[in-house]
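Inside the fold
Okay, here's what each chain looks like letter by letter:
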Amino acid sequence: MQYDVKDLHLAEKGQQRIDWARQSMGVLDLIRKRFAMERPLDGLRLAACLHVTSETANLILTLKDGGALVTLCASNPLSTQDDVAAALVRYHEVPTFAIKGEDNNSYYKHINAALDTRPQMTMDDGADLVSLLHAERQSQLAEIRGGTEETTTGVIRLRSMAQNGVLKFPVISVNDADTKHLFDNRYGTGQSTIDGIIRATNRLIAGLNFVVSGYGWGGKGVAARAKGLGANVIVTEVDPVRALEALMDGNRVMPMSEAARIGDIFVTVTGNKSVIRGEHFAVMKSGALVSNSGHFNVEIDIPALEKLSTKVAEPREFVKEYHMEDGRRICLLGEGRLVNLAAAEGHPAQVMDMSFANQALSVEYIKNYYMQLEKKVYPVPQAIDREIARLRLESMGIQADVLSKEQEDYLASWSEGT
Ligand SMILES: NC(=O)c1ccc[n+]([C@@H]2O[C@H](COP(=O)([O-])OP(=O)(O)OC[C@H]3O[C@@H](n4cnc5c(N)ncnc54)[C@H](O)[C@@H]3O)[C@@H](O)[C@H]2O)c1
């Protein structure tokens, strides 16, 4: 078996973390037990390009128990948990290609290694497998039955491919499931982004001006958690509806040109590029902490920061301190990559349980129905989405209420009025 991980001696610690995460992933565990009995994915070759974390390991083992032959590579050079990668290789014989801190070269070498297995299905977090297949490995496209995509940025890339008529196989957008973005993007990113900033800096959040760029599902979560810790939250947005929403949720709203002058901590979570750039660094307070929780490391213009600085120090792990000519210091966290995965452990298992239940069931759905699917981006079927919510509630011992017959009839009728 081929693999490339940091150190197989880390496997025992990795296995403990995988087991710990599994305890909080009740829905995925139910699917795993069914998959082990029914083997619905028997013989399916699947390449997965995901953040290699303990939660991801549980998804991979679920697919494997379902009969799939899974190869795993990292979807980000800084998010790999090396001990988890080691455990997947050593104890579970999953070909894994991921090393925390790998350079761009190794990153793409690993993605290519996963594609060398000639997968019939892809599972992406950021659409890197799909992009590489379409750009450089077109001869394999005909073998691919379909794919799944985990995150907003990946879905945007795929929708653009579909609209331009270049997407060559169907993809299910896991991100669009309610049981994904309403929980993972909001509560997962909210908590783990703050966790990453605190682990990297050990700063007290209370009383600081905390700037959140982007008030989508991720931004709402980060803003709410920062407020809960006593920060004065400032939101920057380009969409007027979301800017209004941010305002009415109790945040201050202003353009980055103003926020840059007063912010103590900055988090970008927009899926866009150059949200914080040279003109903003030029007016920031000394000691400002700048971080990103959006998918790619392009939200902060790091080359501009490098150009403005005369010296770079590394006072702590995951903190780079850029010294400006005028004596100010600006700290970049986690090299501008997803701070929650670079400096902390990513989302808690409870939310990844639902995201990855959507992944597992979407793979089964594509396996069963790929002949009927067009080369488009599809949502997760609603029945799957609702069932995952029901199972998650059940696993927490909580019951939702049910409609009475009278209520059902009332909601379905048009004749009853005042
Ligand atoms: N850190 C994580 O673990 C994690 C988890 C989920 C999603 N993501 C990523 O986070 C990013 C955002 O995801 P989301 O689900 O919140 O997306 P979303 O589409 O719900 O929200 C993005 C928001 O950013 C705003 N925006 C765009 N350009 C902007 C700019 N220049 N200035 C200010 N606001 C701007 C948009 O108007 C939108 O409201 C994506 O890249 C996604 O892939 C990261």
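This text goes with the structure placed above it.
In short, a report on the structure. (Residues numbered from 1 in each chain as written. Predicted model: local features only at pLDDT ≥ 70, side-chain atom pairs only at ≥ 80, totals over all residues. Heavy atoms only, no water.)

Notes on the nonpolar core
Judged by nonpolar contacts, the single largest core of 53 residues is most densely connected at Leu-46, Ala-48, Leu-59, Leu-63, Leu-72, Met-123 and Val-363. When residues in this core are grouped by element, the largest group, 10 residues, is from helix H15 (residues 349-369). Non-local contacts of Leu-72, meaning those with residues more than four positions away in its chain, are made with Ala-48, Leu-50, Val-52, Thr-56, Ile-60, Leu-88, Val-94, Pro-95, Thr-96 and Phe-97. With 23 residues, the next largest nonpolar core counts Ile-194, Tyr-215, Val-235 and Val-267 among its residues. (Core = buried A, V, L, I, M, F, W, Y, C linked by side-chain atoms within 4.5 Å. Buried < 20%, exposed > 50% of the residue type's maximum accessible area, 1.4 Å probe, protein only. Helix = DSSP H or I, 4+ residues; strand = E, 2+ residues; numbered from the N terminus. Contact = heavy atoms within 4.5 Å.)

Overview of the site of the ligand
Neighbouring residues of the ligand: 26 residues in total, closest Thr-151, Thr-152, Thr-153, Gly-218 and Glu-237. In this structure, an oxygen atom belonging to the ligand sits 2.9 Å away from a side-chain N or O atom of Arg-242. One of the side-chain N or O atoms of Asn-272 is found 3.1 Å from a nitrogen atom in the ligand. Taken by itself the ligand offers 870 Å² of open surface, and the protein chains cover 87% of this. Examining the composition of the shell around the ligand, we find that three residues originate from one element, helix H8 (residues 178-201), more than from any other. For the shell around the ligand, the per-class residue count stands at five nonpolar, 17 polar and four charged. (Near = heavy atom within 4 Å. Polar contact = N/O pair within 3.5 Å; in protein donor to acceptor, adjacent residues only side chain to side chain. Areas by Shrake-Rupley, 256 points an atom, 1.4 Å probe, with all protein chains shown as cover. Nonpolar A, V, L, I, M, F, W, Y, C, P; charged D, E, K, R; others polar.)

Section: the sheet that holds strand S9 (residues 252-253)
Ordered in space as S9-S8-S7-S10-S11-S14-S13-S12, the eight strands form an open sheet in which the pairing is mixed. Looking at strand neighbours, the two that pair on one side only are S9 and strand S12 (309-316), the edges of this open sheet. With five bridges joining them, strand S13 (residues 319-324) and strand S14 (residues 329-333) adopt antiparallel strand pairing. Bridged to Lys-320 within S14 is Leu-332. (Pairing = 2+ DSSP bridges.)

Observations regarding the environment of Gln-2
Here Gln-2 shows up in the segment before helix H1 (11-22). Judged by relative accessible area, which is 62%, Gln-2 ranks as exposed. A sequence separation of 246 residues divides Gln-2 from Met-248, and the C-alpha atoms of the two residues are 53 Å apart. Not counting chain neighbours up to four residues away, the residues in contact with Gln-2 comprise Pro-95, Thr-96 and Phe-97.

Observations regarding the packing of aromatic side chains
Enumeration according to the criterion identifies three aromatic pairs in this entry. A ring pair is formed by Tyr-107 and Tyr-108, whose centres lie 5.1 Å apart and whose planes are at 85°; its orientation type is edge-to-face. What makes Tyr-107 buried here is its relative accessible area of 5%. Classification of Tyr-108 as partly exposed rests on a relative accessible area of 35%. Judged by centre distance (4.7 Å) and plane angle (45°), the rings of Tyr-365 and Tyr-369 are tilted. With Tyr-365 and Tyr-369 both in helix H15, this residue pair falls four residues apart, about one helical turn. Assessed through its relative accessible area of 27%, Tyr-365 is described here as partly exposed. Above the plane of the ring of Trp-217 lies Lys-220, whose end atom (NZ or CZ) is 5.1 Å from the centre. (Phe/Tyr/Trp six-rings, centres within 6.5 Å; stacked < 30°, edge-to-face > 60°. Lys NZ or Arg CZ within 6 Å of the ring centre and 35° of its normal.)

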